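Tertiary structure, described
One letter stands for each residue in the lines below.
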Amino acid sequence: MQVWKFGGTSVGKPERMHSIRNLITEDSTRKIVVLSALSGTTNALISIGESLKANNDAEATQKIEELYAHYETFIKELYKTPAGYAEGKAIIDKEFSFIRSLVSIKPFSVKQEKEIVAEGELLSTQMFEAYLREEGINAVLLPALDFMLIDADNEPVLKFTEEKLSSILSQLEDKQVFITQGFICRNPRGEVDNLKRGGSDYTASLIGGAIVADEVQIWTDIDGMHNNDPRIVKKTFPIRELTFEEAAELAYFGAKILHPSTITPAKLKGVPVRLKNTMEPSAYGTLIADKTSDREIKAIAAKDNLTAIYIHSTRMLNAYGFLRKVFEVFEKYKTPVDMITTSEVSVSVTIDSDEHLEEIMAELRQFADLEECDKDQTIVCIVGNFSADKEGIALKVLDAMKNIPIRMISYGASEHNISLLIHGKHKAEALNALNERCFLYEDAMKSIFSAP
């Protein structure tokens, strides 16, 4: 069995749902198909929730009816028969009846916020499953709320998913295609919750790990993970193969095609993950598995809007326990650290959330001296195979960055990552310079010296 995930743009138009139908039925492989909400729906639902939270019921009602009108138009083009349309209309009427009922609930709490956002996936999956049945396809809906659970720390409970899915699938051995929701789950209180934005990728990987799938396929509107940001850099190309570690580094440090958490469940169970393009299904895409190509530098990514904190020990040399105290502060405020560099008497870190910055700084000042924070920072991450016996890699990277001020460098903590901290205003220049030096220039030299 395989797990295929389709994002919001892939299901955002009726004709794209028609295309997905063709894709998932091209062969006889049993598939669990994970769908996101239709593109734009999640943002619309969040906006409705914000209006309700502000007690602006009239504005919320207007937004609800505008979204309902969009779905009415959508199902007219999705279904081909009167019976199919009637079923689609019943689905959207039911779900929008629930959304409208939230207007009367006061106060509009976090519980209702989670419930309204989940409606996007509940709508898309029910509509698609009904369309498949209209087409005579042996499909069945698997409600994610029956088998996706997070714990008190908002972490998925994989064992629960394994047990529930095993039981459900064993009773449906005659079915070929299963449709389920990405992103949504239940929390320990049994309430509707979610895996945060982008969590449909995570859902697919969790399901793939739970059933030990042959492969997880993430279908988007781009042909695999590129070697650099195609929005900023010209002449990028898709990477054919990455290891789990390389892909995880790229996802965490800004490669938008993949949710940062996706790789972990698949890696734990050794399930390959393939990134594919719904607009160009024949393209190879990117395969993420245990094997990879021999190329040293695979790709470059960047993570924006970081804050750098510079911490100096007041006890100077040979002060043991200093780092422990520093990281206990970040742990207390549940603030992850992205990057760290150290010297004998100081430590520099970056964080991507400044929600508790003032409290963190106040506690650090109790045992350390602090410089003024640097905001609007960007980590540029160069990913590849950087084992200890490789030569000249750092030279290429630093040569490319020779005209750009670098605030921090992390090299050697991982065999797959060189990280550089720069001001965000230099991001485009840095990505283009690295692309030129690490890919275009290198490939040109290889072409010259390998020519007959």
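A few points on the structure. Everything numeric in this text was worked out from a predicted model, so none of it was measured.

Let us now look at the pattern of salt bridges. Applying the stated rule across the entire model yields 31 salt bridges. Here Lys 63 makes a salt bridge to Glu 59, at a shortest N to O gap of 3.6 Å. Of the two residues, Lys 63 and Glu 59 both sit in helix α3 (residues 57-78), 4 residues apart, roughly one turn of that helix. Close ionic contact of Lys 111 with Glu 115 constitutes a salt bridge, the shortest N to O distance being 2.8 Å.

Cis geometry marks the peptide bond from Lys 106 to Pro 107; its omega dihedral reads -5°. Within the secondary structure, Pro 107 is located in the loop between α4 (82-101) and α5 (110-134). Phi is positive for Asn 305, close to 60°, though the residue is something other than glycine. Locating Asn 305 in the fold gives a position in strand β11 (residues 297-313). With relative accessibility at 61%, the residue Asn 305 sits in the exposed group.

Another aspect to go through is the pairing of strand β13 (residues 346-351). Within β13, 6 of the 6 residues are buried, leaving the element largely enclosed by the surrounding structure. Because side chains alternate across β13, one face comprises the buried residues Ser 346, Ser 348 and Thr 350, and the other comprises Val 347, Val 349 and Ile 351, equally buried. Bridge count between β11 and β13: 6 bridges; the pairing is antiparallel. Looking at β13, one finds that His 312 is bridged to Ser 346. Here strand β12 (residues 337-342) runs beside β13; their pairing, made up of 5 bridges, is antiparallel. Paired with Met 339 across the two strands is Thr 350, which belongs to β13.

Definitions and limits used
- Residues numbered from 1 in each chain as written.
- Predicted model: local features only at pLDDT ≥ 70, side-chain atom pairs only at ≥ 80, totals over all residues.
- Heavy atoms only, no water.
- Salt bridge = Lys/Arg side-chain N within 4 Å of Asp/Glu carboxyl O.
- Helix = DSSP H or I, 4+ residues; strand = E, 2+ residues; numbered from the N terminus.
- Buried < 20%, exposed > 50% of the residue type's maximum accessible area, 1.4 Å probe, protein only.
- Pairing = 2+ DSSP bridges.

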